[in-house]
Amino acid sequence: MLSIAENSSSIKNSASKPNSFFGLLFKNRLAMIGLFFILFWTFVALFAPIIAPYSPTATNTAIKLEAPSAAHWMGTDNFGRDIFSRVIFGARISLWTGIIGVGISCCLGIPLGGIAGYYGGKLGNVIMRVMDTLLAFPSLILAMAIAASIGPGLISAMIAVGIVGIPEFARLMFGQTVSLREKEFVEAGRAIGVKDSVILRKHIFPNALAPLLVRATLGLGFAILTAASLSFLGLGVKPPTAEWGAMISEGREYIISGQWWIISFPGLAIVTSILGFNLLGDGLRDVLDPRIRTGK
């Protein structure tokens, strides 16, 4: 009777334990906070024309440098533009830059790392030495050099952010491919004549997807920060486009005179968006760990 009771108790406990992916993810409070920030800024970006009370580029020198009020919740800047509306429309630029930048990094870095790890030899050495050379440069310095060589603008910022992130994805995919290429299912595929491209695409890549997904989530926060830094330095979007980094750059000279709101609200937007992706990335890393999912 005692053994039956113990067995039923253990079955009940295992059934109530959320071992599924979404169960573990929803249980992670920090990941949920990060997901909230991401969904919030995504909603703001999608419905910016509806949410924003004013045009982000409309100027009115009669109300310039006004403090936050009922008419202008986040105040106005040195051109009389509504900061609240500019922050809302800036979410579109920042999120879009991050997504495109990480997309470029994934599309180039993952295949390069997979080829280098699968074939090895001289080809693999050449590819990885190029990646090591890119990693030798500080990320922001490299992004500045790329953006300056192409020319200021949103497209150049996206390209610069994407190129800077390539080595990280390439090295991660390289390590995953090296550990997977000797597995039984890969050798079985080679033995029956499956093409290398098919093995890489259908066998190695799906098994390396979990760490790549975590890296892409964390990379989105880094991409937003890098794009904002480029705009702050004048190498990103061109005025009067509303972008968080450019807004901080335009308002930095008014800190001493007391107009704190010009840079505070765009800075808070950058902090919360990056924090959201970092918290969600950490949560995904915990959930996708097999030791946590199996409860061991």
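Conventions adopted
Residues numbered from 1 in each chain as written. Predicted model: local features only at pLDDT ≥ 70, side-chain atom pairs only at ≥ 80, totals over all residues. Heavy atoms only, no water. Helix = DSSP H or I, 4+ residues; strand = E, 2+ residues; numbered from the N terminus. Buried < 20%, exposed > 50% of the residue type's maximum accessible area, 1.4 Å probe, protein only. Contact = heavy atoms within 4.5 Å. Areas by Shrake-Rupley, 256 points an atom, 1.4 Å probe, with all protein chains shown as cover. Lys, Arg positive; Asp, Glu negative; His and termini not counted. Charge placed at Lys NZ, Arg CZ, Asp CG, Glu CD. 1 Å grid on protein atoms, 1.4 Å probe; cavity = no way out; pocket = protein on both sides within 12 Å on 5 of 7 lines; lining within 4 Å. Points joined across faces, edges and corners; volume = space filled by probe spheres on them. Nonpolar A, V, L, I, M, F, W, Y, C, P; charged D, E, K, R; others polar. Axes fitted to C-alpha atoms, helices over the stretch in contact; angles between N-to-C directions. Parallel < 35°, antiparallel > 145°, perpendicular 65-115°, else oblique. Left-handed = near helix turned anticlockwise from the far one by under 90°. Patch = residues over 30% accessible without salt bridge, like charges linked within 9 Å, V, L, I, M, F, W, Y side chains within 5 Å. Salt bridge = Lys/Arg side-chain N within 4 Å of Asp/Glu carboxyl O. Expected span 1.5 Å × (residues − 1). Bend = angle between axes of the 7 residues up to and from the residue.

Draft legend 1. Here's a closer look at the overall build of the protein chain. For the protein chain, the helix and strand inventory stands at 14 helices and zero strands. Element order for the protein chain, N to C, with α for helix and β for strand: α-α-α-α-α-α-α-α-α-α-α-α-α-α. Considered along the principal axes of its C-alpha atoms, the protein chain spans approximately 75 × 65 × 30 Å. When burial is assessed residue by residue, the protein chain has 44% of its 296 residues classed as buried. Look at the contacts in the protein chain between residues 6 or more apart in sequence, and 72% of them connect residues 24 or more apart. Within the structure as shown, the protein chain displays about 15,500 Å² of accessible surface, and the carbon and sulfur contribution to it stands at 68%. Looking at the protein chain, you have 24 positive and 16 negative side-chain charges, and the mean spots of the two groups are 6 Å apart.

Draft legend 2. Molecular detail of the layout of surface pockets. Roughly 200 Å³ of volume is contained in the largest pocket. Ile38, Thr42, Ala45, Leu46, Ala91, Arg92, Leu95, Trp96, Ile99, Leu220 and Phe277 are the residues that line the largest pocket. Counting residues per element, the ones that place at least two in the lining of the largest pocket are helix 3 (29-46) and helix 5 (83-119). Broken down by class, the residue content of the lining of the largest pocket amounts to nine nonpolar, one polar and one charged.

Draft legend 3. Inspection of the packing of helix 5 against helix 12 (residues 244-251) at higher detail. Closest axis-to-axis distance for the helix 5/helix 12 pair is 8 Å, and the angle between their directions is 135°. Here helix 12 runs oblique to helix 5, going by the angle between their axes. Between helix 5, through Ile83, Arg86, Val87, Gly90, Ala91 and Ser94, and helix 12, the contact on the second element is made entirely by Trp244, Met247 and Glu250. Looking at the contact of helix 5 with helix 12 residue by residue, the class counts come to five nonpolar, two polar and two charged.

Draft legend 4. Highlighting unusual backbone geometry. The amide bond that connects Pro239 to the next residue, Pro240, takes the cis arrangement and shows omega of 5°. Mapped onto the fold, Pro240 is located in the loop between helix 11 (209-232) and helix 12. Not every positive phi belongs to a glycine, and Leu65 is a case in point at roughly 60°. Counting through the fold element by element, Leu65 comes out in the loop between helix 4 (48-51) and helix 5.

Draft legend 5. Focus on the side chain of Thr97. Mapped onto the elements, Thr97 comes out in helix 5. The contact partners of Thr97, leaving out residues within four places of it in the chain, are Leu154, Met158 and Ala227.

Draft legend 6. Layout of the packing of helix 8 (residues 154-180) against helix 11. Following both chains from N to C, one finds helix 8 and helix 11 inclined at 155°, their axes separated by 10 Å at the closest point. Here helix 8 is positioned roughly antiparallel relative to helix 11, judged by the angle of their axes. For helix 8 against helix 11, the interelement crossing comes out right-handed. Along the contact surface, helix 8 presents Ala157, Ala160, Val161, Val164, Glu168, Phe169, Leu172, Met173 and Gln176, while helix 11 presents Pro211, Leu212, Arg215, Ala216, Phe222, Ala223, Thr226, Ala227 and Leu230. Of the residues assigned to the contact of helix 8 with helix 11, the class counts are 14 nonpolar, two polar and two charged.

Draft legend 7. A nonpolar patch on the surface, seen in detail. A cluster of nonpolar side chains, contributed by Phe43, Leu46, Phe47 and Ile50, occupies part of the molecular surface with about 450 Å² of accessible area. Considering the arrangement of structural elements, one finds Phe47 in the loop between helix 3 and helix 4.

Draft legend 8. Fine view of helix 8. Its 27 residues give helix 8 an end-to-end C-alpha distance of 38 Å, which sits within 8% of 39 Å, the value for a rise of 1.5 Å per residue. Within helix 8, the axis deviates most sharply at Gly165, by approximately 30°, and proline Pro167 lies no more than four positions further along.

Draft legend 9. Region of the structure containing the environment of Ile199. Take Ile199: it is sitting in helix 10 (residues 196-207). By relative accessible area, which is 0% here, Ile199 ends up buried. With 18 residues separating them along the chain, Ile199 and Arg181 place their C-alpha atoms 9.2 Å apart. When residues no more than four places from it in sequence are discounted, the contact partners of Ile199 are Tyr118, Val186, Gly189, Arg190, Val194 and Ile204.

Draft legend 10. Focus on the pattern of salt bridges. Taken as a whole, this structure holds eight salt bridges when the rule is applied. The salt bridge partner of Arg215 is Glu168, with a shortest N-O separation of 4.0 Å. On the criterion of sequence distance, the pair formed by Arg215 in helix 11 and Glu168 in helix 8 is long-range, its members being 47 residues apart. The exposure class of Glu168 is partly exposed, given its relative accessible area of 35%. Because the salt bridges share partners, they merge into one network encompassing Asp77, Arg81, Arg86 and Glu250.

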